[in-house]
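Chain by chain, the residues:
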Amino acid sequence: MKNKINIYLAAPRGFCAGVERAIEIVKKSLKKYGAPVYVRHEIVHNKYVVDNLKKLGAKFVEELDEIKDKSRPVIFSAHGVPKSVPYNANKKQIEFIDATCPLVTKVHREAENLYEQGFKILLIGHANHPEVVGTMGQLPPGAIDLIQNDEEALKYKRSNINKNYAYITQTTLSVDDAKKIIKILKEKFPSIREPIKNDICYATTNRQTAVKKIAPKCDIFFVVGSKNSSNSVRLVEVAKKSGCQESFLISSQEDIPIKKIKSSLNIGISSGASAPEILVNKLIESIKEISTVTVNEVEVVKEKVFFKIPNKLQ
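Residues numbered from 1 in each chain as written. Predicted model: local features only at pLDDT ≥ 70, side-chain atom pairs only at ≥ 80, totals over all residues. Heavy atoms only, no water.

1. Overview of the side chain of Ser232
Heads up, the condition is: Numbering of helices and strands starts at the N terminus; helices are DSSP runs of H or I of at least 4 residues and strands are runs of E of at least 2. Between two residues, a contact is recorded if the distance between any of their heavy atoms is within 4.5 Å.
Here Ser232 shows up in helix H9 (residues 230-241). Sequence-distant contacts of Ser232, that is, excluding residues within four places in its chain, are made with Val223, Val224, Gly225, Ser226, Leu249 and Gly272.

As structure tokens, this is what we get:
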């Protein structure tokens, strides 16, 4: 006999406006230029999305040097790129289309403006994440110092007595973790300049809020997303901190812990901003195969954000 399970389905979940725009840019580029088009780095951090775009004719590379046919266009991923990348594309005479999320571009422009005003910039984020590499690459080396956690914030020492400080953040951080780091920096530098509008994007914030609402009710929590997706990993952390220690990142249907599901009454499900809804539906179908399921969608806010694609692809 199947056990009965309540599924609490977080809303909003899944694709954000920046991810939808980036995927649409690849599809429209293939339509306009024909296959292949090149994409530098994964357009978004999700294997299912990347594999589907490969089938349509997209070729993924990590660096421009890997592009064999320089007559084909290259698309820059939603995470953004250092300034050296478009510079090198122009030098190699490769046409490029920039799919950087507009909210990441906002952080880039913010960094440039602060630098021009003479601020020493502290970037709260994760080392080697493509978004952080792109943001730090907007300015000369040494203009931005990276702060990854509370410990680094506490240890950070003023490098120039005459400099005013400002901070910016990666767009996909844990809202609560970022608050703790910001608090430390404000205590250390009382006059530190903060962004006019929070750099952590609306989609990251909304998905974390939805998880916080559901997680305390759950025996187990699943976040559908890829291991290299920062916002997906943060959702798992948020679920654990909100009271559901049995929280897992699910990147494929083979990952599901059947024994744990069978011994659960309440299961929470969300998905990262780069995970398509089809993967959420597949997870629910897998649970339905072993349990009797009631799905309750818990919506915390309706998202109406939309970003236009570049004019050259309209």
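2. A look at unusual backbone geometry
Note: most peptide bonds trans; most residues except glycine with negative phi. Looking along the chain, the bond that leaves Ala11 and enters Pro12 is cis, with omega of 5 degrees. Structurally, Pro12 can be placed in the loop between strand E1 (3-11) and helix H1 (17-33). The linkage connecting Ala35 with the following residue, Pro36, adopts the cis geometry, with an omega of -5 degrees. The residue Pro36 is located in the loop between H1 and strand E2 (37-40) in this model. For His41, which is not glycine, the phi dihedral falls at a positive 70 degrees. The residue His41 is located in the loop between E2 and helix H2 (47-56) in this model. Although it is not a glycine, Asn128 sits at a positive phi angle of roughly 70 degrees. Inspection of the secondary structure assignment puts Asn128 in the loop between strand E6 (119-124) and helix H5 (130-136).

3. Comments concerning the pattern of salt bridges
For clarity, the cut-off: Only one rule defines a salt bridge in this text: a Lys or Arg side-chain nitrogen within 4 Å of an Asp or Glu carboxyl oxygen. Three exposure classes are used, based on accessible area relative to the maximum for each residue type with a 1.4 Å probe and protein chains only: buried under 20%, partly exposed in between, and exposed over 50%.
Within this structure, the stated rule accounts for 22 salt bridges. Asp51 serves as the salt-bridge partner of Lys47, at 2.8 Å between the closest nitrogen and oxygen. Here Asp51 and Lys47 lie together in helix H2, a separation of 4 residues that amounts to about one turn. Among the residues examined, Lys47 registers a relative accessible area of 58% and is labelled exposed. Through salt bridges with shared partners, a single network forms among Arg13, Glu277 and Glu297.

4. As for the side chain of Arg21
To keep it simple, the criterion reads: In summary, the charge assignment counts Lys and Arg as positive and Asp and Glu as negative, without counting His or the chain termini.
Relative to the helices and strands, Arg21 is located in helix H1. Despite its burial, Arg21 pairs with no opposite charge; the closest candidate is Asp98, at 6.3 Å N-O. Residues in contact with Arg21, not counting those within four places in the same chain, are Asp98, Ala99, Thr100, Pro102, Phe307, Lys308, Ile309 and Pro310.

5. Some remarks on the sheet that holds E2
Pairing between the strands of a sheet comes from backbone hydrogen bonds, and it takes one of two forms, parallel or antiparallel. To be explicit about the condition: Only when DSSP finds a minimum of two bridges between them are two strands counted as paired. Under this scheme, a helix contributes an axis fitted over its contacting stretch, all axes are lines through C-alpha atoms, and angles between N-to-C directions fall in the 0 to 180 degree range.
Taken in spatial order, the 4 strands line up as E3-E2-E4-E5 in an open sheet, and their pairing is parallel. In the strand order of this sheet, the two ends are held by strand E3 (58-61) and strand E5 (96-98), each with one partner. Direction aside, neighbouring strands of the sheet carry axes that sit 25 degrees apart on average. Relative to E5, strand E4 (residues 74-76) is paired through 3 bridges, and the arrangement is parallel. Bridging from a neighbouring strand, Val74 pairs with Phe96 of E5.

6. Description of the nonpolar core
The following threshold applies: Throughout this description, the term nonpolar core refers to a set of buried Ala, Val, Leu, Ile, Met, Phe, Trp, Tyr and Cys residues connected via side-chain atoms within 4.5 Å.
Of all hydrophobic cores here, the largest spans 29 residues; its most connected members are Ile25, Val26, Ile43, Val44, Leu53 and Ile75. Secondary-structure elements contributing two or more residues to this core are H1, E2, H2 and helix H8 (202-214). The element that contributes the greatest number of residues to this core is H1, accounting for 8 residues. Excluding residues within four positions of it along the chain, Ile25 makes contact with Ile75, Ile97, Asp98, Ala99, Ile309, Pro310 and Leu313. If you look at the next biggest cluster of nonpolar residues, it comprises 19 residues, including Ile5, Ile261, Ile267 and Leu279.

7. Points about the pairing of E2
Filter applied, for reference: Looking down the strands as they point away from you, a crossover is right-handed if its path from the first strand over the helix to the second goes clockwise.
Of the two faces of E2, both are covered, the one formed by Val37 and Val39 as well as the one formed by Tyr38 and Arg40. Pairing of E2 with E3, which is carried by 4 bridges, proceeds in the parallel orientation. Bridge pairing in E3 links Val39 to Phe60. Traced from E2 through H2 to E3, the parallel crossover comes out right-handed. As judged from the 3 bridges shared by E2 and E4, these two strands associate in the parallel manner. Across the sheet, the residue bridging to Arg40 is Phe76, located in E4.

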